[in-house]
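Single-letter residue listing:
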Amino acid sequence: MNENTGMGYQNIVSFARGDVNGDMLPDNVYLTGKKTMDSPFVQNITLVIQGGLKGGFESIQLKENVGYNPTLFLGDFTGDGINDILIGVASGGSGGIMYYYIYSFIGNAPKLLFDFEVYNAQYQYEINYLDNFKVEVISKINNATYIIDISYKDSEYLNEIYYENGELKEPISGFVNPLSGLYPVDFDSNGVYELLTYQKIAGRYNADSLGYVQNILSWNGSEFALYNQNVAIFGASSQ
């Protein structure tokens, strides 16, 4: 199916319906793009909104507009009772990195509320291996420190890193990947969605997964701010 959006004919790759401009009438919300034959790869991904009252089209070119399996979700993230627009696009990279945007469209005026690149720049971490089979996770945005016990790892893994007495053979630093998951969750059941984000914690290399940093963000009137943070670890059974 194709749609003439004023930017040429493109494929509709995702669709949602709901009031996003505040006129109390349902609007049609599309993601359009140029699809690749026999592939989920999409180029020139564009947000297109058809207003319920006037029926005109408004097109918004995404900054990162190339990726896989674009998705749409409509929900109130700010508490004004009007749907905002959550867009998710998979980068296709081995790290499972995702692109996310949230737009408000009140009064037919698009406003970017969330940009994954801004989030990735703000939420920085330091990962350090410690003696006695421990890994330190430091979250810089809130000065929080977490300790992961990796003694469940197999002996071959641990013997490469530690002496028999649990002392590190050499300093090792890990890293935290950019955003790989963002989910709308209404934690307090008040009709306003918070954001649950996932970032993978990696050890010596990307496939050396140690767990996830899970941040809960809530709208504070001007931006999505950190509300709660957890570190979730992989158990021995998941290795």
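Residues numbered from 1 in each chain as written. Predicted model: local features only at pLDDT ≥ 70, side-chain atom pairs only at ≥ 80, totals over all residues. Heavy atoms only, no water.

Trainee: Would you mind showing me how to read the overall build of the protein chain here?
Mentor: The helix and strand tally for the protein chain stands at two helices and 17 strands. On the principal axes, the C-alpha backbone points of the protein chain span a range of 75 × 40 × 30 Å. Within the protein chain, the proportion of its 239 residues that are buried is 46%. (Helix = DSSP H or I, 4+ residues; strand = E, 2+ residues; numbered from the N terminus. Buried < 20%, exposed > 50% of the residue type's maximum accessible area, 1.4 Å probe, protein only.)

Trainee: Help me out: how do you make sense of the side chain of D27 in this one?
Mentor: Along the chain, the position of D27 falls in strand β3 (residues 27-35). Despite its burial, D27 pairs with no opposite charge; the closest candidate is R17, at 7.3 Å N-O. A polar contact is formed between the side chain of D27 and the backbone nitrogen of V20, at a distance of 2.8 Å. (Lys, Arg positive; Asp, Glu negative; His and termini not counted. Salt bridge = Lys/Arg side-chain N within 4 Å of Asp/Glu carboxyl O. Polar contact = N/O pair within 3.5 Å; in protein donor to acceptor, adjacent residues only side chain to side chain.)

Trainee: Could you clarify how one ought to interpret the pattern of salt bridges in this entry?
Mentor: In the structure shown here, the tally under the stated rule is four salt bridges. When the shortest N-O distance is used, the salt bridge between K63 and D115 registers 3.0 Å. One end of the pair, K63, is in the loop between β5 (57-61) and β6 (67-75); the other, D115, is in strand β9 (residues 111-115), with 52 residues separating them in the sequence. Judged by its relative accessible area of 10%, D115 is buried. For the salt bridge of E117 with K63, the shortest nitrogen-to-oxygen distance reads 3.0 Å. Here the residue E117 occupies a position in helix α1 (residues 116-122), and K63 occupies one in the loop between β5 and β6, the gap between them amounting to 54 residues. The exposure class assigned to K63 is exposed, which follows from its relative accessible area of 53%. Residues joined in a network through salt bridges with shared partners are K63, D115 and E117.

Trainee: How do you make sense of the pairing of strand β7 (residues 84-90) when you look at a structure like this?
Mentor: Side-chain direction in a regular strand flips from residue to residue, so the side chains alternate between the two faces of the sheet. Most of β7 is tucked away: seven of the seven residues are buried. Here β7 shows two buried faces, one formed by D84, L86, G88 and A90 and the other by I85, I87 and V89. Across six bridges, the pairing between β6 and β7 is antiparallel. Counterpart to G75 in the pairing with β7 is D84. Of the strand pairs in this sheet, β7 and strand β8 (residues 98-104) are connected by six bridges, and their pairing is antiparallel. (Pairing = 2+ DSSP bridges.)

Trainee: Even after reading the chapter, I still don't get the pairing of β9, so can you show me in this structure?
Mentor: Bridge analysis of β8 against β9 gives four bridges, and the strand direction is antiparallel. Across the sheet, residue Y101 finds its bridge partner in β9, namely D115. Hairpin connection between β8 and β9: a loop of six residues separates the two successive antiparallel strands, and G107 in this loop has a positive phi of roughly 65°.

Trainee: What is the right way to look at the packing of aromatic side chains in this model?
Mentor: Geometrically, a pair of aromatic rings is defined through the distance of the ring centres and the angle of the planes. Applying the stated criterion across every chain yields a total of 16 aromatic pairs. Ring centres of F114 and Y119 lie 6.0 Å apart, and the angle between their planes is 45°; on these two criteria the pair is classed as tilted. Each of the two residues, F114 as well as Y119, counts as buried. Between W219 and F224, the ring centres sit 4.9 Å apart and the planes meet at 70°, which makes this aromatic pair edge-to-face. F224 shares its class with W219; the two are buried. A network of ring pairs unites the aromatic residues F73, F77, F114, Y119, Y123, Y193, W219 and F224 as a single cluster. Between K153 and the ring centre of Y157, over which it is positioned, the NZ or CZ distance is 4.8 Å. (Phe/Tyr/Trp six-rings, centres within 6.5 Å; stacked < 30°, edge-to-face > 60°. Lys NZ or Arg CZ within 6 Å of the ring centre and 35° of its normal.)

Function-wise, these values are silent; they only describe arrangement.
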